[in-house]
Structure formats: structure tokens, C-alpha cells
Amino acid sequence: MSSSEPAISRSRPPATAGPSVRATIYGCGADEAVLFRQLAPRFGVLPTLTAAPVAEDTVDLALGNRAVSVGHRTRVTNATLAALSRAGVQYISTRSVGYDHIDVEYAHRVGISVGTVTYSPDSVADFTVMSMLMLVRGVKSVLRRSALHDYRPSDTRGRELRDLTVGVVGTGRIGRAVIDRLRGFGCRVLTYDIRPTVHVGRAGLDELLVNSDIVTLHTPLSTTTHHLLDRQRIDRMKYGAFVVNTGRGSLIDTSGLLSALESGRLGGAALDVLEGEEGIFYADCRNEHIDNAALLRLQRLPNVLISPHIAYYTDHALADIVENSLIDLVNFEMDTAAHE
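All figures in this text were calculated on a predicted structure; none of them were measured in a lab.

1. What about the overall build of the chain?
So, point 1. Scanning the chain from N- to C-terminus turns up 11 helices and 12 strands.
So, point 2. Counting only C-alpha atoms, the chain reaches 65 × 50 × 35 Å along its principal axes.
So, point 3. Taken across its 340 residues, the chain has 49% of its residues classed as buried.
So, point 4. Within the chain, contacts between residues separated by at least 24 positions form 72% of all contacts whose residues are at least 6 apart in sequence.
So, point 5. With the model as given, the accessible surface of the chain reaches about 16200 Å², and the carbon-plus-sulfur share is 51%.
So, point 6. Computed over 35 positive and 38 negative side-chain charges, the inter-centroid distance for the chain is 5 Å.

Shown next, in the form of C-alpha cells:
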């Protein structure tokens, strides 16, 4: 899959009320459906709502509609893109900031444009700082023991954020929101971005890794950032440092991370995203075989927190996503009409 060609974000208010817009909303959860039904009339959108994911065998649900909306949970295969194109679809709006689940270059080749939407960065920023606090206080071990009615404190005391240096990789909207929160804790902040948007604590990536007690990742996934934290860079990190990833799983070389954690080289990790999470995260796997050895090894470690890609999962973020998806669809229709 290629994500080197950027998708176009159209999440801006439509200039004027346009004609009715017909669009199929794939992978629509029950709470999303409530908001789409509530807000769609305001924007002149006639949505076809379906819980079914976009796939070759569900393309018929998009017949007659030039635009569809998809979630980030389902990978949109090239075969599905081709089928959508044959069905007359010209635009895909993904209800996410990232678009690594869609081959944007291939979509363009079959005549489909791809757009993303934004939502409040506060949901992910709050979750990120919470994850940092849980790591440096060893909360996973405490909760495990408490569940067994062992209420003794840990042998190792926790640490305070004000005594630590936090390296923020990626200073877009979410990265900046994390930085704003960290200021309140009084910790030192280092930042790195290929295209820096803030100047607080700017450092080279190697300098950030060597000096940070916590490294948190908030950069998009691309061919350039794939395995941004590879084995070599992980080995350069400060001994006992922590890693937080609420971005995309493939920003980290999981094999290298596991080696560093199991050897004690790193102090711990909080991973809301993981390589190979597809088909596992968002599913009830209690009675299923999990075909991801790395995930199982990570889960067994007392200093690793795993959450199923839910940093964004708040009511406020959902409202933003639905509203901006509707705006995105309307703007596509207006842009298309203007060129016809």
C-alpha cells in the first residue's frame, strides 16, 4: 500500500447550501448512525447508512452515489477501489485523520479522489498523557495485583513527570495539544518534526532519542516514517526510557521494541496502535486464537500497556468526525458541480 501521495482534507464549512448530496456511509456504528441521522438534514445530505464494511460484495450499496464515507478500521483493498469506480463512485471520505488504510495512488488511477477529516486533538492528547502517567507509576502491575487482592505497594517507586524529559515526535495538531498539557506538569519538552510547526525544544531526532525519558509518537505514517523507531534508533534511546505510540503501529519496528523491552533496555511502552492490529483490535477475541505472536509477548510484560486503538474514542471526537464528514461530502459535491 502506498500513502506517499497526500489525501485532500476538505473539512471546512460549505460556502453555501447546495443540492441534496447522496452518499453511502460504510462501517457505520450505532452511535455514529444516531449522529448522521441527526445532522445530515442540516447539511442537505441523504445518507445510506450501513454497518457493513466497504468491500467488493457491498459495493452495490453505493450504486447511484458519487461519494462514500469509510472508517479507518477497514482496509480498502485495490479490488474494492476498482469495484467502487465501476459503480460510479468518484470520492472516498475517510472518517479519520490518517489514510494509510487506502492506497491513494491507486484510487487516483481508477478515478477516485480521497479526503480525510479532522477532529479535536484533545481526545488523543488526553489519552497520551494518561498513558505516560500510567507508565511512570507502574499502574499495570498495581492493577493486576489489586485484582488478586494484593494491596502491597510495588518495590519500585514511580516517577514524576516534572523530573522527566519528554520527546514529542510530530508537532501537528495532536503533538501541539500534548505539548500544551505537558507544560502544566513542568517537565522539559523536546520536539522533532520534519516540517516543524512549533519551536519549543526543537531537536534532531537522534538528540531527542538520546535525551528523552519518554518518547511519544504523533507523526503520520508514510513511506518515510515507516519504522521511524527502528532497532537502531531504539538502541540509541536513553536506558530505561518509555515509549508511547498513539499514532500508527508501523511507526515502530515491533521486533526491535520487544527486544529492548524484554532485555530491560527500555522501561516500558504504552501502545494504542500496533503492527498487525487489523482483525484483532475492535473484535472480541476472548475465545479466539490470536495470530500475532508479538502482541501476545507484549501483553505478558508487566511494563507494557496495550489498548485497542481507542485514543480518539470520545463523544466529542465522534461528533466532530460525523459533522466534518458531512461537510467533506458536501464540499466534494459542490466542487464537482462547479466543474461540470
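2. Details of unusual backbone geometry
So, point 1. Although it is not a glycine, His227 sits at a positive phi angle of roughly 55 degrees.
So, point 2. Mapped onto the elements, His227 comes out in the loop between strand 9 (214-217) and helix 8 (231-236).
So, point 3. Although it is not a glycine, His309 adopts a positive phi angle of roughly 55 degrees.
So, point 4. Along the chain, His309 turns up in the loop between strand 12 (304-306) and helix 11 (315-338).

3. A look at the pairing of strand 6 (residues 113-116)
So, point 1. Taken together, the four bridges between strand 5 (residues 91-94) and strand 6 define a ladder with parallel strand orientation. The partner of Ser93 across the bridge, within strand 6, is Gly115.
So, point 2. Since strand 5 and strand 6 lie parallel, the crossover through helix 3 (residues 104-109) that links them has a hand, and here it is right-handed.

4. Comments concerning the packing of helix 1 (residues 30-43) against helix 11
In helix packing, the relevant descriptors are the interaxial angle and the interaxial distance, both defined with respect to the helix axes.
So, point 1. At a minimum axis separation of 10 Å, helix 1 and helix 11 run at an interaxial angle of 40 degrees. On the basis of the axis angle, helix 1 is oblique to helix 11. Crossing geometry of helix 1 relative to helix 11 is assigned as right-handed. Seen from helix 1, the contacting residues are Asp31, Glu32, Leu35, Phe36, Leu39, Ala40 and Phe43; seen from helix 11, they are Leu318, Ala319, Val322, Glu323, Ser325, Leu326, Ile327 and Val330.
So, point 2. Partitioned by chemical class, the residues of the contact of helix 1 with helix 11 number 11 nonpolar, one polar and three charged.

5. Overview of the domain arrangement of the chain
So, point 1. Here the domain parsing of the chain yields domain 1 (21-120 + 315-338) and domain 2 (121-306).
So, point 2. Between domain 1 and domain 2, the C-alpha centre-to-centre distance is 31 Å.
So, point 3. Summing the contributions of domain 1 and of domain 2, the shared interface buries around 820 Å²; its carbon and sulfur component is 46%.
So, point 4. For domain 1, the biggest contributors to the area lost against domain 2 are Arg73, Asp100 and Ser120; these three give 53% of the whole.
So, point 5. Counting across the domain 1 and domain 2 interface gives two salt bridges.
So, point 6. The partner of Asp100 in a salt bridge is Arg248, and the shortest N-O contact between them spans 2.7 Å.
So, point 7. Linking domain 1 to domain 2 there are five residue pairs in polar contact (both at pLDDT 80 or more).

6. Remarks on the sheet that holds strand 8 (residues 188-192)
So, point 1. Strand order in the open sheet made by the six strands is 8-7-9-10-11-12, with parallel pairing throughout. The open sheet has two edge strands, strand 8 and strand 12, and neither has a second partner. Taking each pair of neighbouring strands and ignoring which way they run, the sheet shows an average axis angle of 15 degrees.
So, point 2. In this structure, strand 7 (residues 165-169) lies alongside strand 9, joined through four bridges in parallel fashion. Its bridge partner being in strand 9, Val169 is matched across the sheet by Leu217.
So, point 3. Along the sheet face, helix 4 (residues 122-136) touches strand 7, strand 9, strand 10 (242-245), strand 11 (268-271) and strand 12 and points at about 155 degrees away from the line of strand 10.

Procedures and definitions
Residues numbered from 1 in each chain as written. Predicted model: local features only at pLDDT ≥ 70, side-chain atom pairs only at ≥ 80, totals over all residues. Heavy atoms only, no water. Helix = DSSP H or I, 4+ residues; strand = E, 2+ residues; numbered from the N terminus. Buried < 20%, exposed > 50% of the residue type's maximum accessible area, 1.4 Å probe, protein only. Contact = heavy atoms within 4.5 Å. Areas by Shrake-Rupley, 256 points an atom, 1.4 Å probe, with all protein chains shown as cover. Lys, Arg positive; Asp, Glu negative; His and termini not counted. Charge placed at Lys NZ, Arg CZ, Asp CG, Glu CD. Pairing = 2+ DSSP bridges. Right-handed = clockwise from strand over helix to strand, strands pointing away. Axes fitted to C-alpha atoms, helices over the stretch in contact; angles between N-to-C directions. Parallel < 35°, antiparallel > 145°, perpendicular 65-115°, else oblique. Left-handed = near helix turned anticlockwise from the far one by under 90°. Nonpolar A, V, L, I, M, F, W, Y, C, P; charged D, E, K, R; others polar. Domains from an automatic or database assignment. Buried area = accessible area lost by both parts, 1.4 Å probe. Salt bridge = Lys/Arg side-chain N within 4 Å of Asp/Glu carboxyl O. Polar contact = N/O pair within 3.5 Å; in protein donor to acceptor, adjacent residues only side chain to side chain.

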